[in-house]
Amino acid sequence: NNEFEKMDKNDQFHNQLEDGFKNWEERCLANGGKKVLEDYLAEQEQLVYCIMEQFDMDELQQEIEEKKKVGDLDEVFKKYCGNHVGAARACLQSFLSVSQQCLKEEDRPGLNVTLQMVDRAIEFTCHNAGDRIALFMSEDGVECVTAHKEEILACINNSVLEVFNTYNNLNNYKMHFYVFQQDNCRKGDAIMQCVESSLMKCDDPTPSNLVHGLLNAMKDGTPCARAAQGWHSGFSESQTRTQLLLAVIAMASVNLSL
């Protein structure tokens, strides 16, 4: 029964992610037409291929297992934080460039904030040739996130109802996730609180501290970090961070039994 329940929850999680993609596809069609939608779908497929090409999960898992035994995890991430991360970032930049055509012109600059967040995340995780992510892995960070994945998602769903309810009528979105406003920052803080309170239940506080540092670094790339100086237009820090967080959790769902 537990196995079937787990499968059902995973199906719900993936359905929520798919709804997010459908949300964008409808925007592409509405704002750019069929050609823009086709370009977006093609670039999305290219992005997925690019990530898979740069990060072969089976190969990466094998390298992690081998190096963890001898305490040399930093060598693995030193390798991937070089050309592999750089190539993946270039693919993401191309994808975001095409995605801009799915938004109204006044909203397009907001996607630059997304790339700034990714850059901050890369800078944090690949600091000193990846020593932070190596520490995260060595302290069972993946297991920590995986063990509390459902709790984190439930907390986010209760705290920020709009996160998992974005696929509605195109003209009736409950959360306009590409419009920056003060309320979005508060929602982003609520998401951070969900993550921190859940991961602090792990035996070692290191994974929670590192994830906290990562999310704060990403926040520094958004207008939320400059909120005290006044509110202005941009990309919703809350929704972007949520999407990236869900991606991290989805990756943790992969069988990385170190």
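Refer to the structure presented above.
Summary of the structure given here. (Residues numbered from 1 in each chain as written. Predicted model: local features only at pLDDT ≥ 70, side-chain atom pairs only at ≥ 80, totals over all residues. Heavy atoms only, no water.)

**Here we look at the packing of aromatic side chains**
Thinking step 1. One pass over the full model with this rule turns up three aromatic pairs.
Thinking step 2. A ring pair is formed by Y40 and F95, whose centres lie 5.5 Å apart and whose planes are at 40 degrees; its orientation type is tilted. Of this pair, Y40 sits in helix α2 (residues 34–54) while F95 sits in helix α4 (residues 73–99), and the two are 55 residues apart along the sequence.
Thinking step 3. Accessibility expressed as a relative area gives 2% for Y40, which makes it buried.
Thinking step 4. A relative accessible area of 11% places F95 in the buried class.
Thinking step 5. A centroid spacing of 5.9 Å and a plane angle of 25 degrees characterise the contact between F55 and Y80, whose relative ring orientation is stacked. Linking F55 in the loop between α2 and α3 (57–69) with Y80 in helix α4, this pair joins segments that are 25 residues apart in sequence.
Thinking step 6. Taking relative accessible area as the criterion, Y80 reaches 4% and is therefore assigned buried.
Thinking step 7. Linked through ring pairs, W24, Y40 and F95 together constitute an aromatic cluster. (Phe/Tyr/Trp six-rings, centres within 6.5 Å; stacked < 30°, edge-to-face > 60°. Helix = DSSP H or I, 4+ residues; strand = E, 2+ residues; numbered from the N terminus. Buried < 20%, exposed > 50% of the residue type's maximum accessible area, 1.4 Å probe, protein only.)

**With respect to the state of the cysteines**
Thinking step 1. According to the stated counting rule, one finds five disulfides in the structure shown.
Thinking step 2. The disulfide bridge from C81 ends at C126, spanning 2.1 Å between sulfur atoms. In this structure the cystine formed by C81 and C126 twists about its S-S bond by roughly -80 degrees; its chirality is therefore left-handed. Here C81 is found in helix α4, whereas its partner C126 is found in the loop between α5 (110–125) and α6 (131–138), with 45 residues between them in sequence.
Thinking step 3. Overall, the relative accessible area of 18% leaves C126 in the buried class.
Thinking step 4. A disulfide bridge connects C144 with C202, and the sulfur atoms are separated by 2.0 Å. Handedness here is read from the sign of the S-S torsion; for C144 and C202, about 90 degrees, the answer is right-handed. Remark: C202 occurs in the loop between α9 (182–199) and α10 (206–219) and C144 occurs in helix α7 (residues 141–147); sequence separation between them is 58 residues. (Disulfide = S-S within 2.5 Å.)

**Some words on unusual backbone geometry**
Most peptide bonds take the trans configuration, and most residues that are not glycine carry a negative phi.
Thinking step 1. Phi at N128 takes a positive value of approximately 55 degrees, unusual for a residue other than glycine.
Thinking step 2. Among the residues examined, N128 registers a relative accessible area of 56% and is labelled exposed.
Thinking step 3. Phi at D140 takes a positive value of approximately 60 degrees, unusual for a residue other than glycine.
Thinking step 4. Structurally, the position occupied by D140 is in the loop between α6 and α7.

**Observations regarding the side chain of H148**
Thinking step 1. As for its position among the elements, H148 is in the loop between α7 and α8 (149–159).
Thinking step 2. When its relative accessible area of 13% is taken as the criterion, H148 is described as buried.
Thinking step 3. Only 3.0 Å separates the side chain of H148 from the backbone oxygen of C144, close enough to count as a polar contact. (Polar contact = N/O pair within 3.5 Å; in protein donor to acceptor, adjacent residues only side chain to side chain.)

**Re the environment of L135**
Thinking step 1. Turning to its location among the elements, L135 is positioned in helix α6.
Thinking step 2. Counting along the chain gives 72 residues from L135 to P207, while the straight-line C-alpha distance between them is 8.3 Å.

**What about the pattern of salt bridges?**
Opposite charge on two side chains permits them to pair, given that their charged atoms come into close proximity.
Thinking step 1. Tallying each qualifying case throughout the model produces nine salt bridges.
Thinking step 2. The shortest N-O distance in the salt bridge between E150 and K149 comes to 3.9 Å.
Thinking step 3. Measuring nitrogen to oxygen at the nearest pair gives 3.0 Å for the salt bridge that ties D189 to K219. Taken as a pair, D189 in helix α9 and K219 in helix α10 lie far apart in primary sequence, 30 residues in all.
Thinking step 4. Exposure remark for D189: the relative accessible area of 35% places this residue in the partly exposed category.
Thinking step 5. With a relative accessible area of 19%, K219 lands in the buried category. (Salt bridge = Lys/Arg side-chain N within 4 Å of Asp/Glu carboxyl O.)

**As for the packing of α4 against α6**
Thinking step 1. Packing of α4 against α6 leaves a shortest axis separation of 8 Å and a crossing angle of 135 degrees. Of the possible angle classes, the one that applies to α4 and α6 is oblique. In the crossing of α4 with α6, the sense of the turn from one axis to the other is right-handed. Residues L73, D74 and F77 of α4 pack against I133, A134, M137 and S138 of α6.
Thinking step 2. Looking at the contact of α4 with α6, its residues break down into five nonpolar, one polar and one charged. (Axes fitted to C-alpha atoms, helices over the stretch in contact; angles between N-to-C directions. Parallel < 35°, antiparallel > 145°, perpendicular 65-115°, else oblique. Left-handed = near helix turned anticlockwise from the far one by under 90°. Contact = heavy atoms within 4.5 Å. Nonpolar A, V, L, I, M, F, W, Y, C, P; charged D, E, K, R; others polar.)

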